[in-house]
Amino acid sequence: MTAGLLLLVGSVLIGDALVGPWPTLAAGVGLILLHYLGPFIAREVVVWRFGRQMRRFR
(Lines give C-alpha, C1' and ligand atoms only; values in the text may rest on other atoms or scores of the structure.)
Protein backbone atom coordinates (compact mmCIF):
# COMPACT_ATOMS: atom_id res chain seq x y z
CA MET A 1 0.00 0.00 0.00
CA THR A 2 2.85 2.36 0.80
CA ALA A 3 4.47 1.73 -2.57
CA GLY A 4 1.18 2.42 -4.32
CA LEU A 5 0.78 5.69 -2.45
CA LEU A 6 4.32 6.74 -3.33
CA LEU A 7 3.70 5.88 -6.98
CA LEU A 8 0.48 7.90 -6.96
CA VAL A 9 2.14 10.93 -5.39
CA GLY A 10 5.14 10.71 -7.71
CA SER A 11 3.01 10.34 -10.81
CA VAL A 12 0.88 13.29 -9.74
CA LEU A 13 3.97 15.47 -9.39
CA ILE A 14 5.34 14.37 -12.76
CA GLY A 15 1.93 14.74 -14.43
CA ASP A 16 1.58 18.20 -12.97
CA ALA A 17 4.87 19.21 -14.54
CA LEU A 18 4.05 17.64 -17.92
CA VAL A 19 0.35 18.31 -18.60
CA GLY A 20 -0.79 20.75 -15.95
CA PRO A 21 -2.73 20.59 -12.72
CA TRP A 22 -6.29 19.98 -13.92
CA PRO A 23 -5.77 16.90 -16.11
CA THR A 24 -3.46 15.50 -13.44
CA LEU A 25 -6.04 16.12 -10.74
CA ALA A 26 -8.73 14.45 -12.85
CA ALA A 27 -6.53 11.40 -13.45
CA GLY A 28 -5.56 11.15 -9.78
CA VAL A 29 -9.15 11.42 -8.58
CA GLY A 30 -10.20 8.91 -11.22
CA LEU A 31 -7.64 6.39 -10.03
CA ILE A 32 -8.68 6.82 -6.40
CA LEU A 33 -12.37 6.43 -7.26
CA LEU A 34 -11.60 3.37 -9.37
CA HIS A 35 -9.70 1.86 -6.45
CA TYR A 36 -12.58 2.31 -4.02
CA LEU A 37 -15.52 1.74 -6.39
CA GLY A 38 -13.93 -1.01 -8.49
CA PRO A 39 -15.07 -3.98 -6.35
CA PHE A 40 -18.60 -2.55 -6.07
CA ILE A 41 -18.86 -2.01 -9.82
CA ALA A 42 -17.46 -5.48 -10.55
CA ARG A 43 -20.00 -7.06 -8.18
CA GLU A 44 -22.87 -5.15 -9.80
CA VAL A 45 -21.77 -6.23 -13.27
CA VAL A 46 -21.59 -9.88 -12.18
CA VAL A 47 -25.07 -9.73 -10.63
CA TRP A 48 -26.46 -7.98 -13.73
CA ARG A 49 -24.96 -10.59 -16.06
CA PHE A 50 -26.20 -13.46 -13.88
CA GLY A 51 -29.70 -12.01 -13.91
CA ARG A 52 -29.57 -11.64 -17.68
CA GLN A 53 -28.47 -15.28 -18.05
CA MET A 54 -31.24 -16.47 -15.74
CA ARG A 55 -33.86 -14.58 -17.77
CA ARG A 56 -32.49 -15.99 -21.01
CA PHE A 57 -32.57 -19.64 -19.83
CA ARG A 58 -36.09 -19.53 -18.43
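Worth saying up front: this structure is predicted, and the values here are computed from it rather than measured. (Residues numbered from 1 in each chain as written. Predicted model: local features only at pLDDT ≥ 70, side-chain atom pairs only at ≥ 80, totals over all residues. Heavy atoms only, no water.)

**What to know about a nonpolar patch on the surface**
Taken together, the side chains of Trp 22, Leu 25, Val 29, Ile 32, Leu 33, Tyr 36, Leu 37, Phe 40, Ile 41 and Val 45 define a hydrophobic patch exposed on the protein surface, amounting to about 1,000 Å² of accessible area. On the secondary structure map, Val 29 appears in helix 2 (residues 21-56). For Val 29, a relative accessible area of 41% translates into the label partly exposed. (Patch = residues over 30% accessible without salt bridge, like charges linked within 9 Å, V, L, I, M, F, W, Y side chains within 5 Å. Areas by Shrake-Rupley, 256 points an atom, 1.4 Å probe, with all protein chains shown as cover. Salt bridge = Lys/Arg side-chain N within 4 Å of Asp/Glu carboxyl O. Helix = DSSP H or I, 4+ residues; strand = E, 2+ residues; numbered from the N terminus. Buried < 20%, exposed > 50% of the residue type's maximum accessible area, 1.4 Å probe, protein only.)

**Describing the side chain of Thr 24**
Tracing the sequence through the fold places Thr 24 in helix 2. On the accessibility criterion, Thr 24 (10% relative accessible area) is buried. Non-local contacts of Thr 24, meaning those with residues more than four positions away in its chain, are made with Val 12, Gly 15, Asp 16 and Val 19. (Contact = heavy atoms within 4.5 Å.)

**Overview of the environment of Pro 21**
Position of Pro 21 relative to the elements: it lies in helix 2. Pro 21 sits in the exposed class, given a relative accessible area of 51%. Spatially, the C-alpha atom of Pro 21 lies 12 Å from that of Ser 11, the residues being 10 residues apart in sequence.

**Quick notes on the layout of surface pockets**
Taken as a whole, the largest pocket spans an internal volume of roughly 300 Å³. Forming the boundary of the largest pocket are Met 1, Gly 4, Leu 5, Leu 8, Leu 31, Ile 32, His 35 and Tyr 36. Element by element, the count of residues in the lining of the largest pocket is highest for helix 2, at four residues. Classifying every residue of the lining of the largest pocket by side-chain character gives six nonpolar, two polar and no charged. (1 Å grid on protein atoms, 1.4 Å probe; cavity = no way out; pocket = protein on both sides within 12 Å on 5 of 7 lines; lining within 4 Å. Points joined across faces, edges and corners; volume = space filled by probe spheres on them. Nonpolar A, V, L, I, M, F, W, Y, C, P; charged D, E, K, R; others polar.)

**Concerning helix 1 (residues 2-19)**
Along its 18 residues, helix 1 runs 25 Å from first to last C-alpha, staying within 8% of the 26 Å computed at 1.5 Å per residue. For helix 1, a buried count of one out of 18 residues is recorded, marking the element as mostly open to its surroundings. Among the residues trailing helix 1, Gly 20 stands out with phi positive, at a value near 110°. (Expected span 1.5 Å × (residues − 1).)

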